[in-house]
Structure formats: structure tokens, C-alpha cells
Amino acid sequence: MSRSSTLIPHVQPDPIAIDDLIVNYDAFYPDISIAKYRREYRNDDTVTDERLKENIETALIFINDALKKWRKDNPELLALSDIQQQLYGRAVYHRTKQYVIKQYPDIDTTGDGADKAESMHLRIRDEQQGERETIRLLTGRARTTVTLI
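The structure displayed is predicted, hence computed values, not measured ones.

S.K.: When you look at the overall build of the protein chain in this model, what are you seeing that I'm missing?
M.R.: A count of helices and strands for the protein chain gives five helices and two strands. Along the protein chain, helices and strands appear, N-terminal first, in the series β-β-α-α-α-α-α. Within the protein chain, the proportion of its 149 residues that are buried is 33%. Taking as baseline every contact in the protein chain between residues at least 6 positions apart, the subset at least 24 positions apart corresponds to 69%. Roughly 10,900 Å² of accessible area belongs to the protein chain as shown, and the carbon and sulfur atoms make up 53% of that amount.

Below, the structure written as C-alpha cells:
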């Protein structure tokens, strides 16, 4: 008895063409590149460009809002320096990575699944910490906050 196998190719729809550059709705801040995010944060194509663009746009809104008071308190600042632009991009990328991690959890009820879930929570906390540190560097705020109980 001979065995044969048949390959049935999956037909993937053509991806929607998305511009690499996401234009910041606040012209004071730099535009953000999807490709640069993918390179620096090692996101492969399991996250579609459409989803990633949506996450970056949401991160822009959040980071711009977080910097609103700083901008208001510094009216003499007409443009960001190159370093400030880099820090701004990092803050947006850290926030974006949090969204990506939250959207793609593994569904697994085994012990390994619980370990993966804990690992994801740690990764999200790392990204949150990176975002806070980057915003503090950008705005010149101290990195230590002390609260008396």
C-alpha cells in the first residue's frame, strides 16, 4: 500500500498597505516609524501592521497626554532636541510594547501556562518601568519618588 500526501497551500490575503511613518497628531513631537519599532522591539509579523499602527497611535495619545503638563510648564521650548526626540520615541515604543504583550497572551491552563502568564506580567512591568524612566529623562524629573507613610 503506497501512501501519498497532498499539500494544500493556505491562501493569505494581501496585507493592507500601511505607511511606515505614523504622523504624530501633535506636530511638536516626532513622527513614529513602524519598521523602527519592529527592529528595536523585535516584533515579527505575527502582529499585523494594522494592529501595530493602532497600538502606536494609542501610545502616542497616552504619551502626549502624559507630557501635557511638562509642555505647558516649558513654553520657551520650541522644539525637541535630537536626544529628546529619541527619548520620546522610546516612551512611545515602551507603551506600544505593553499593548502588544497584553493583546497576545497564550491561552494555556497548564502549569506552563501559568508560568508564561507570570512572565508576561513581568515583561509588562519592565516596559512600564522603561516608559517611566524615559519620560523622567525627557522631562528632567528625578528618577526617585519618595512617599512618607
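S.K.: Can you help me understand the packing of helix α1 (residues 34-41) against helix α2 (residues 49-66) in this one?
M.R.: How two helices pack is summed up by the angle between their axes together with the distance between the axes. Running from N to C, α1 and α2 point in directions that differ by 95°, and their axes come no closer than 11 Å. What the angle tells us is that α1 and α2 run roughly perpendicular. Facing Ile34, Tyr37 and Arg38 of α1, the residues of α2 in contact are Asp49, Leu52, Lys53 and Ile56. Here the residues of the contact of α1 with α2 are counted per class, giving four nonpolar, no polar and three charged.

S.K.: What should I look at first to understand the environment of Lys36 in this one?
M.R.: As for its placement among the helices and strands, Lys36 is situated in helix α1. Owing to a relative accessible area of 33%, Lys36 belongs among the partly exposed residues under this scheme. For the pair Lys36 and Gly89, spaced 53 residues apart in sequence, the C-alpha separation works out to 9.8 Å.

S.K.: Can you help me understand the packing of α2 against helix α4 (residues 82-103) in this one?
M.R.: Two elements in contact, α2 and α4, have axes whose closest approach is 8 Å; the angle formed by their N-to-C orientations is 125°. Taken together, α2 and α4 sit at an angle that is classed as oblique. Like other packed secondary-structure pairs, α2 and α4 cross with a definite hand, here right-handed. For the pair formed by α2 and α4, the contact residues are Arg51, Leu52, Asn55, Ile56, Thr58, Ala59, Leu60, Phe62, Ile63 and Asn64 on the first element and Tyr88, Ala91, Val92, Arg95, Thr96, Tyr99, Val100 and Gln103 on the second. Each residue belonging to the contact of α2 with α4 can be placed in one class, and the counts come to 11 nonpolar, five polar and two charged.

S.K.: I tried to follow the side chain of Asn55 on my own but got confused; where do I start?
M.R.: In this structure, Asn55 sits in helix α2. Exposure remark for Asn55: the relative accessible area of 3% places this residue in the buried category. Among all residues touching Asn55, those that are not within four sequence positions of it are Thr96, Tyr99, Val100 and Gln103.

S.K.: Where do I start with the packing of aromatic side chains in this structure?
M.R.: How two aromatic rings sit relative to each other is set out by the distance from centre to centre and by the angle between their planes. Evaluation of the coordinates by the stated rule reveals five aromatic pairs. Ring centres of Phe28 and Tyr29 lie 5.0 Å apart, and the angle between their planes is 85°; on these two criteria the pair is classed as edge-to-face. Of the two residues examined, Phe28 and Tyr29, each falls in the buried class. Look at Tyr37 and Tyr41: their rings are 5.3 Å apart centre to centre, the planes differ by 5°, and that puts the pair in the stacked class. Of the two residues, Tyr37 and Tyr41 are both situated in helix α1; the distance of four residues between them amounts to about one turn of the helix. Chaining the aromatic ring pairs together yields one cluster made of Phe28, Tyr29 and Tyr88. Its end group placed over the ring of Phe28, Arg71 keeps NZ or CZ at 4.0 Å from the ring centre. Positioned over the ring face of Phe62 is Arg95, at 3.5 Å from the centre of the ring.

S.K.: Before we go on, may I ask you to explain the pattern of salt bridges in this structure?
M.R.: For side chains bearing opposite charge, pairing can occur when the charged atoms are close. Per the stated rule, a full pass over the model turns up eight salt bridges. The salt bridge involving Lys68 is made with Asp65; its shortest N-O contact spans 2.9 Å. When its relative accessible area of 53% is taken as the criterion, Lys68 is described as exposed. Accessibility expressed as a relative area gives 47% for Asp65, which makes it partly exposed.

What counts and how
Residues numbered from 1 in each chain as written. Predicted model: local features only at pLDDT ≥ 70, side-chain atom pairs only at ≥ 80, totals over all residues. Heavy atoms only, no water. Helix = DSSP H or I, 4+ residues; strand = E, 2+ residues; numbered from the N terminus. Buried < 20%, exposed > 50% of the residue type's maximum accessible area, 1.4 Å probe, protein only. Contact = heavy atoms within 4.5 Å. Areas by Shrake-Rupley, 256 points an atom, 1.4 Å probe, with all protein chains shown as cover. Axes fitted to C-alpha atoms, helices over the stretch in contact; angles between N-to-C directions. Parallel < 35°, antiparallel > 145°, perpendicular 65-115°, else oblique. Nonpolar A, V, L, I, M, F, W, Y, C, P; charged D, E, K, R; others polar. Left-handed = near helix turned anticlockwise from the far one by under 90°. Phe/Tyr/Trp six-rings, centres within 6.5 Å; stacked < 30°, edge-to-face > 60°. Lys NZ or Arg CZ within 6 Å of the ring centre and 35° of its normal. Salt bridge = Lys/Arg side-chain N within 4 Å of Asp/Glu carboxyl O.

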